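# Summary of the model geometry
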Amino acid sequence: MDQSRRRFVGQCAAVASTSAVSAMMGGLPADAAQTPPLRNWAGNYPYGTTRVTSPTSLADVQAFVRAHARFKVLGTRHCFNGIADSTDQFLSLREMKAVVGLDRSARTVTIESGLSYGQLCPALDRDGFALHNLASLPHISVAGACATGTHGSGVNNGNLSTAVSAFEIVTAGGDVLSIARSTDPRTFQAAVVNLGALGVVTKVTLDVQPAFTMRQDVYLDLPMAQVREHFEDIVAAGYSVSLFTDWQRGRINEVWVKRRTDKGETVTASRDFYGARAATTNVHPIVELSAENCTEQMGVVGPWYERLPHFRMGFTPSSGKELQSEYFVAHSNAVDAIGAVERLRDHVSPHLMITELRTIAADDLWMSPCYQRPSLAIHFTWKQDWPSVRKVLPMIERELAPFAVRPHWGKLFTIPSAQLQQRYPMAADFKQLVARHDPQGKFRNAFLTASLYG
Ligand SMILES: Cc1cc2nc3c(=O)[nH]c(=O)nc-3n(C[C@H](O)[C@H](O)[C@H](O)COP(=O)(O)OP(=O)(O)OC[C@H]3O[C@@H](n4cnc5c(N)ncnc54)[C@H](O)[C@@H]3O)c2cc1C
């Protein structure tokens, strides 16, 4: 590992000059100078208050909502920007994490929304059921993930929010609303990926399917020329496929192919994958890091929830001290968009730990980055050096602008509000819904103002 990679632990001094960028990276209020700030998971973002209330019942949530003029719900704090931030109060549902019920015939599970995927999945598997997909890590809360359109990979797999079939939400007035895909599809499509703007999601119902098993095989050094030539076959080579690259030497460093093995068929992985060779040991996406915290590879069959994520519960996912950005383009533009970023490699690579390329099926959720668009997501795990990353992001965004790129809501971007809103055809309707449910802006924060109202 080179010296600069070893030094990525640098503190992120977020010196921001525009409101959009400061909503990205936060800033401490004057009265917080004495107490250490509450930070997000990566530590790069200091929240504007340390005041956190953790109710244990729906009635307590309603009372809190009625008593406070402004606050934000905090999930598991895994976003890299200010989307969850508040300068007033936080409401955390971490004490409300029961599995409310599994409906075997309807194939749904209902949970309280403080639950994380890591807490839900083993119990669901024991009951013989599975979710359709997971993100790279299981540590995140279900409600927080669905609020931002969090996703895994797979050409036929929608993001995690597409598993939601109903949810319960406490709106700004303290009223409890149940919104279901089957009974009110329009409000449902508007409110699942809600960016935390609509209210407190207290329960979520998710579609489930019979539990399945998977194997994960990793291939090293896939030539970029093969990606250009065989992109469709490569990303469809498994149920979920991830391509990791540092954009150097004209190759994808690692291809992670996750295949289902639940139909009784024997899957034999070949040693050669479009010119890449099979790894001979478990590897981390950043090849220099230990694979100890990664899910089992080498074709070993295991349960879906221990193969779909890249990182194991109980271990630090990814690298820890990092920043992340991610950009979505239409699947039909995938090869051109990859080429566009590759052209920037000399700007990108000095600040990069690793890029991951994933595909996601289209959905009909208004504020989802995959709204009506089968997508390729181009992800960047950056060294924790915001001043440098902040200079690179506009270059990437400019290169990807011809593809009407949409950013991940929970990661770092600098796309101005007007452009952002243009790229979400239902943004104006979403804001109308927000105005109806939250007329006083109780759930509004600097991030939402900068992103949707700038
Ligand atoms: C190491 C790492 C790996 C990641 N991997 C992936 C990945 O593979 N794919 C991907 O798409 N993203 C990934 N992410 C991004 C991240 O998981 C998501 O952005 C997700 O939103 C984080 O969920 P959270 O509960 O931590 O949300 P928080 O950051 O706590 O909150 C996010 C938003 O959700 C709202 N919210 C949370 N709970 C509720 C609730 N009950 N009611 C209403 N609003 C609520 C908050 O107000 C806020 O607006 C990764 C992040 C990290 C740190």
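Rules of the game
Residues numbered from 1 in each chain as written. Predicted model: local features only at pLDDT ≥ 70, side-chain atom pairs only at ≥ 80, totals over all residues. Heavy atoms only, no water. Helix = DSSP H or I, 4+ residues; strand = E, 2+ residues; numbered from the N terminus. Rg over C-alpha atoms; globule rule 2.2 N^0.38 Å. Contact = heavy atoms within 4.5 Å. Areas by Shrake-Rupley, 256 points an atom, 1.4 Å probe, with all protein chains shown as cover. Pairing = 2+ DSSP bridges. Near = heavy atom within 4 Å. Polar contact = N/O pair within 3.5 Å; in protein donor to acceptor, adjacent residues only side chain to side chain. pLDDT = per-residue confidence, 0-100. Phe/Tyr/Trp six-rings, centres within 6.5 Å; stacked < 30°, edge-to-face > 60°. Buried < 20%, exposed > 50% of the residue type's maximum accessible area, 1.4 Å probe, protein only. Arc of directions from axis to C-beta. Axes fitted to C-alpha atoms, helices over the stretch in contact; angles between N-to-C directions.

### Some details on the overall build of the chain
A count of helices and strands for the chain gives 13 helices and 20 strands. Against the 2.2 N^0.38 benchmark of 22 Å for 454 residues, the chain shows a C-alpha radius of gyration of 21 Å, consistent with a compact globule. The C-alpha extent of the chain, read off along each of the three principal axes, is 60 × 55 × 40 Å. Of all intrachain contacts in the chain linking residues separated by at least 6 positions in sequence, the fraction that spans at least 24 positions is 72%. For the chain, the exposed surface amounts to about 17400 Å²; the carbon and sulfur share of it is 50%.

### Structural notes on the sheet that holds strand S1 (residues 52–53)
Strand order in the open sheet made by the 3 strands is S1-S3-S2, with parallel pairing throughout. The two strands at the open ends of the sheet, each matched to only one other strand, are S1 and strand S2 (72–74). Bridging between S1 and strand S3 (residues 90–92) involves 2 bridges; their strand directions are parallel. Looking at the pairing, Thr 53 lines up with Leu 91 of S3.

### Observations concerning the site of the ligand
In the vicinity of the ligand, 38 residues are found, and the nearest of them are Val 73, Gly 75, Thr 76, His 78 and Ser 141. Contact between the ligand and Val 73: an oxygen atom at 2.6 Å from a main-chain N or O atom of the residue. One of the backbone N or O atoms of Ile 83 is found 3.3 Å from an oxygen atom in the ligand. In isolation the ligand exposes 980 Å². Once the protein is present, 99% of that is buried.

### What to know about the confidence of the model for the chain
For the chain, per-residue confidence averages 92 on the pLDDT scale, and 91% of positions sit at 70 or higher. Confidence drops under pLDDT 50 across residues 1–18; counting only partners more than four residues distant or on other chains, this segment forms 33 contacts.

### Describing the packing of aromatic side chains
The final tally for this structure, using the stated rule, is 15 aromatic pairs. Consider the rings of Phe 167 and Phe 188, whose centres lie 6.3 Å apart with planes at 40°: the pair is tilted. Separated by 21 residues along the polypeptide, Phe 167 in strand S7 (residues 164–170) and Phe 188 in helix H6 (residues 185–191) bring together distant segments of the chain. For the residue pair Phe 167 and Phe 188, the accessibility class agrees, reading buried in each case.

### Details of helix H3 (residues 58–67)
Within H3 the residues assigned to the buried category are Val 61, Gln 62, Phe 64 and Val 65. Taken around the axis of H3, the buried residues stretch over an arc of 160°, which confines them to a single face. Buried positions along H3 lie against S1, S3, S7, strand S8 (176–180) and strand S9 (200–207).

### Quick word on the sheet that holds S9
Sheet architecture is open: 5 strands sit in the order S4-S5-S9-S7-S8, paired in antiparallel fashion. A strand with exactly one partner marks an edge of an open sheet, and here the two such strands are strand S4 (99–103) and S8. Shown here is a sheet whose adjacent strand axes are inclined to one another by a mean of 15°, direction ignored. Pairing analysis gives 4 bridges linking S4 to strand S5 (residues 108–112), with the strands arranged antiparallel. Across the sheet, Val 99 pairs through a bridge with Ile 111, a residue of S5. Helix H4 (residues 117–126) rests against S4, S5 and S9 of the sheet, and its axis sits at about 145° to S5.

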